[in-house]
Each structure stands twice: as structure tokens, then as C-alpha cells.
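# Breakdown of the fold
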Amino acid sequence: MREVSTDSATAWARSGLVALTGRPGGPPLVPPGRAASVAGEIGARLAELSRGAVRVDGAGLLAERAAYTGHTRRGDLSVGGHCRLLRTRDGWAAVSCARSDDPALLGALIGASIAADPWPAVSGWLAEHSGAELAERAELLGVAAAPVGPGRAGPVCIAATAPPPPAAALSSSLADRPVRGLLVVDFSALWAGPLCAHLLGLAGARVVKVETPGRPDGARRGAAAFYELLHGGHRSVVLDPETRGGRRAMAALVAAADIVVESSRPRALAGFGLDAEAAVAAGASWVSITARGRGSNRVGFGDDVAAGSGLVAHGRDGVPLFCGDALADPLTGLTAAALAMTAPPGGGGVLWDLAMSDVVTATLDPGAPRTPSPGARWDGGRWLVDTGAGPVPVAPPRPRCPAGPAAASGAHTAEVLRELGIPSP
């Protein structure tokens, strides 16, 4: 059985993530690596950077969505139910089917029409193809899928001299940057980017969420209380990039921003006429969150990215199992917020190129053997994780209280544009 340090096991158990890892009918499992410990360290760093305004349990944030959805561990099916771990010819792969057009994309990936349930056909195709073939086709088609294994390592900071996250988020070599009163323009959706914007808002920044008429944040269709947690107190703007006025207003909003947060592939915002490099040259901090970096066309969500980076537990039969709930998302959101509260040596604008895969990989030991994960034991009506410092109870995911209600989509469009002197589109 894989060994895990006392500190890491304790952090995992107390975070709520052990409760979300393992098979439904089996004991909770301790994930590999230090993601929970690192998240706790980043939470402490956020308190320092914000002069005490942001006080969060970083490790607890990694599991909190499940406190609102009520979902729990499902083994080789993700906690949210949209991603599966499936056998390939030479290993395993994580494949997501979360978007309305994903069944059609999966059909194109395997070269066959897919029925209402895509998984039998996808499983059959994967069993006859390698993980490398899957990755190549997935990138071409925009499918969120990856072979399970170590993620790529490498620098992720384009315009800042700093080590790869999450170390960069903790580095004392980066100067503190007070964000109280700064304007944050948030183009992101789902979890990682909105969590970053939420934490900046707790630190006193003014957050404006930007959506388009045809593509509102998909998280609005999820757990309402969780959406409210991440967006409470933020203002909402809707602009149409298909119109000249909408593109002009978007560009003016970016020009007014002190910090921009987005989670799209670069070509998407470029199609709106938005230029990250120009914004950075003008002094803005630009937080770019992608599955595998701005130089990649790969797409991914928290579950398939985490598994593709090697963050999986293993049962006694060697089968990989999901760790927590879409872990790459909240871990990256925490890291992004800490980076946005810093400035590179010499000041000026900075482009933080955050690949979720790199953030996850940085918390793992690349030399760790793929042996069965340590399991909790049932004792006295509760699950306990045994550590060198004694047994630690397995905590459930814990919710936090929203700062306020989440605004309806576009509720503040006219107000925000008027305040910033931007002509209405």
C-alpha cells in the first residue's frame, strides 16, 4: 500500500476530500500527493496578502462544491457524474461528457454515431486504441479527455520571473499587491476562474462578471447556492461580441480593468478583439486559466485534467479512481488568486499563464509507485485515517456562507458602462 506522510494524510482527511475519494460501497481513500496541504498553505498566504481580509480554509475549499450538490464518491465515475475513467489499449483515460454537444463530439472522436448513452461505444473504441491516439483526436475535436498519467511539467509564467505554481503563489520573492478597490473583470466560467474572482472580491476588489448572450456561465444551471457563494456581491454585465458595439464595450472594459480573469483558449477572446499582451503592456494583470497552457489547444475540465495529470487514487485491484471533485479547478483558482495579489519584481503588468495540469502536477511526486491507496477504517460510527500521529476523522465537505446574492445575468450592464464612461452598445 502506498505510503503517505502524516501531514498530507491529515490535510486530506480534514479537507473533506477523502470522503469524496473511493468506491461508493467501499472505504474512503487517501489521494496521493500534497494538494490538500498546498491548498492550506495558499489559504494562509491569501490571508497575508490581503492583510487578513481573506480568511479561508484553503484545503476545505477543494471539496466545498459537494457540500452544496450533495454528491459523494463514485469510484471511476466522477463526483459530479460527467467524467469516467475507462480502459484504453495501453492503460486508462479520463473522458468527460458535460456539454450539450459532447455526445456529437464523442461520436466524431470514435468515428461512429452514438446513441443516447454514449459510453458503451466510447468504451469499446478506447479498448482498441492507445492513450496517445485519444489525446491527438481529443485536441483536434475539442473533446475534454486525456490518458491517465503524469502531466507535462514546465514553466507556466509567461511574463513573470517566478517558479511554476503553486510555488509561485507562495513565493516571498513576489511583492504584495493590495487589491482593495481594484477593478476585476471576470470573463471566466464554471469553477476555477470564478473562485479566483471570488477570493479577490473578498479581498476588497470590485468584481464585474462578463457573459455573452449566447453563452452564459454554465454554472448557473448547477447548484444555485454554490453559484451564489462564488458570485455573491459581484456585478453582472452581458455584452454581445457578435456586434461592433459589443466588441467595443468589451475592449473598453478590459482597458479599464486592473485585473482580468479568463478561462478560454486564447483564440476565443482574440475573436472578440481582446488582446492579453496589449492589456499587460498597459499595466494590467491578466490571469489566463486553461487546461494545458495558452500554447495548447487542448480543452479540459477539473476531473479529466486532474486524472490526466496523475492525480488518481488506486483500489486494491489497481483500477484508478477519481480523487475528490474536479480537483484541478479549485486548486487552480486558489493559486490564481494568490498570484493576482502579487506583482513581479519591478512592478508593471503581468500575464499569468496557468495550466491546470501544471498546477496539479506540481503537487505530486513523479516517482511515486502506483500502489493501492491507503484506506480509512470504520470505527465507532465514523471513518478514521490512521497516521503516524494517530487516527484522524474523515471530515465531510463543508459549505461557507455566501457574501450576498448572485446577480441575474446582465443586471448591471448599463450601470457599469455608465460608471466607466463606456458608450452603451
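Just so it is clear, the structure is predicted and the values come from calculations on it, not from any experiment. (Residues numbered from 1 in each chain as written. Predicted model: local features only at pLDDT ≥ 70, side-chain atom pairs only at ≥ 80, totals over all residues. Heavy atoms only, no water.)

## Re the pairing of strand β15 (residues 382-387)
- When strand β14 (residues 377-379) meets β15, the two strands line up antiparallel, connected through 3 bridges. Directly across from W378, in β15, lies its bridge partner W383.
- Adjacent in sequence and paired antiparallel, β14 and β15 are bridged by 2 residues, among which G380 carries a positive phi angle near 65 degrees.
- Both β15 and strand β16 (residues 390-393) contribute to a ladder of 4 bridges, which runs antiparallel. Within β16, the residue paired with V385 across the bridge is V392. (Pairing = 2+ DSSP bridges. Helix = DSSP H or I, 4+ residues; strand = E, 2+ residues; numbered from the N terminus.)

## A short note on helix α2 (residues 35-49)
- Here α2 contains 15 residues, and its C-alpha end-to-end distance of 21 Å stays within 8% of the 21 Å for a straight helix at 1.5 Å per residue.
- α2 sits mainly inside the fold: 11 of its 15 residues count as buried.
- Residues of α2 that are buried: A35, A36, S37, V38, A39, I42, G43, R45, L46, A47 and L49.
- Just downstream of α2 lies R51, where phi reads positive at about 55 degrees. (Expected span 1.5 Å × (residues − 1). Buried < 20%, exposed > 50% of the residue type's maximum accessible area, 1.4 Å probe, protein only.)

## Notes on the nonpolar core
- With 87 residues, the main nonpolar core has L46, L199, L200, I259 and V287 as its most contacted residues.
- Take this core: its biggest share by element is 8 residues, from helix α15 (residues 328-340).
- Other than its neighbours up to four places away in sequence, L200 contacts V179, V184, A205, I259, V261, A337, A340 and M341.
- V208, L253, A257 and L351 belong to the second largest nonpolar core, which has 24 residues in total. (Core = buried A, V, L, I, M, F, W, Y, C linked by side-chain atoms within 4.5 Å. Contact = heavy atoms within 4.5 Å.)

## Description of the sheet that holds strand β3 (residues 145-147)
- Strands sit in the order β1-β2-β3 across an open sheet of 3 strands; the sheet is antiparallel. Whereas interior strands pair on both sides, the edge strands pair on one side only; in this sheet they are β1 (83-88) and β3. The average angle at which neighbouring strand axes cross in this sheet is 20 degrees, direction not considered.
- Relative to β3, strand β2 (residues 91-96) runs antiparallel, the two sharing 3 bridges. Counted as the bridge partner of A93 is P147 from β3. (Axes fitted to C-alpha atoms, helices over the stretch in contact; angles between N-to-C directions.)

## Quick notes on unusual backbone geometry
- For R51, which is not glycine, the phi dihedral falls at a positive 55 degrees.
- Checked against the element boundaries, R51 lands in the loop between α2 and α3 (58-61).
- Backbone geometry at L190 places phi at a positive 70 degrees, although glycine is not the residue there.
- In this structure, L190 sits in the loop between β5 (183-186) and α9 (192-202).

## As for the confidence of the model for the protein chain
- Scored by pLDDT, the protein chain has a mean of 92; 95% of the residues are at 70 or more.
- Between residues 151-161, whose pLDDT stays under 50, and residues either more than four places distant or in other chains, the model counts 33 contacts. (pLDDT = per-residue confidence, 0-100.)

## Things to note about the environment of F301
- On the secondary structure map, F301 appears in the loop between β9 (285-290) and α14 (302-308).
- Given a relative accessible area of 23%, F301 falls into the partly exposed group.
- C-alpha of F301 to C-alpha of V350: the two residues are 49 residues apart in sequence and 25 Å apart in space.
- With residues near it in sequence (within four places) discarded, F301 still touches S96, A98, R99, A144, L190, D329 and M356.

## Regarding the packing of helix α5 (residues 102-110) against helix α6 (residues 119-127)
- Packing of α5 against α6 brings their axes to within 10 Å, and their N-to-C directions diverge by 30 degrees. The orientation of α5 relative to α6 falls into the category roughly parallel. Crossing angle aside, the handedness with which α5 passes α6 is left-handed. Residues L106, L109 and I110 of α5 pack against A121, V122 and W125 of α6.
- Of the residues contributing to the contact of α5 with α6, the split by class is 6 nonpolar, no polar and no charged. (Parallel < 35°, antiparallel > 145°, perpendicular 65-115°, else oblique. Left-handed = near helix turned anticlockwise from the far one by under 90°. Nonpolar A, V, L, I, M, F, W, Y, C, P; charged D, E, K, R; others polar.)

## A few points about the side chain of H412
- Note that H412 resides in the loop between β16 and α17 (413-419).
- Excluding anything up to four places from it in sequence, H412 contacts H234, R235, S236, V237 and A407.

## Section: the pattern of salt bridges
- All chains considered together, the criterion is met by 17 salt bridges.
- The salt bridge involving D57 is made with R398; its shortest N-O contact spans 3.1 Å. Separated by 341 residues along the polypeptide, D57 in the loop between α2 and α3 and R398 in the loop between β16 and α17 bring together distant segments of the chain.
- On the basis of relative accessible area, D57 is assigned to the partly exposed category, the value being 41%. (Salt bridge = Lys/Arg side-chain N within 4 Å of Asp/Glu carboxyl O.)

## Comments concerning the environment of P32
- Within the secondary structure, P32 sits in the loop between α1 (6-15) and α2.
- Taking the C-alpha atoms as reference, P32 lies 24 Å from G70; in sequence the two are 38 residues apart.

## Concerning the pairing of strand β7 (residues 235-238)
- Pairing of strand β6 (residues 206-211) with β7, which is carried by 4 bridges, proceeds in the parallel orientation. Looking at β7, one finds that K209 is bridged to S236.
- A crossover connection joins β6 to the parallel β7 through helix α10 (residues 224-231); in handedness this β-α-β unit is right-handed. (Right-handed = clockwise from strand over helix to strand, strands pointing away.)

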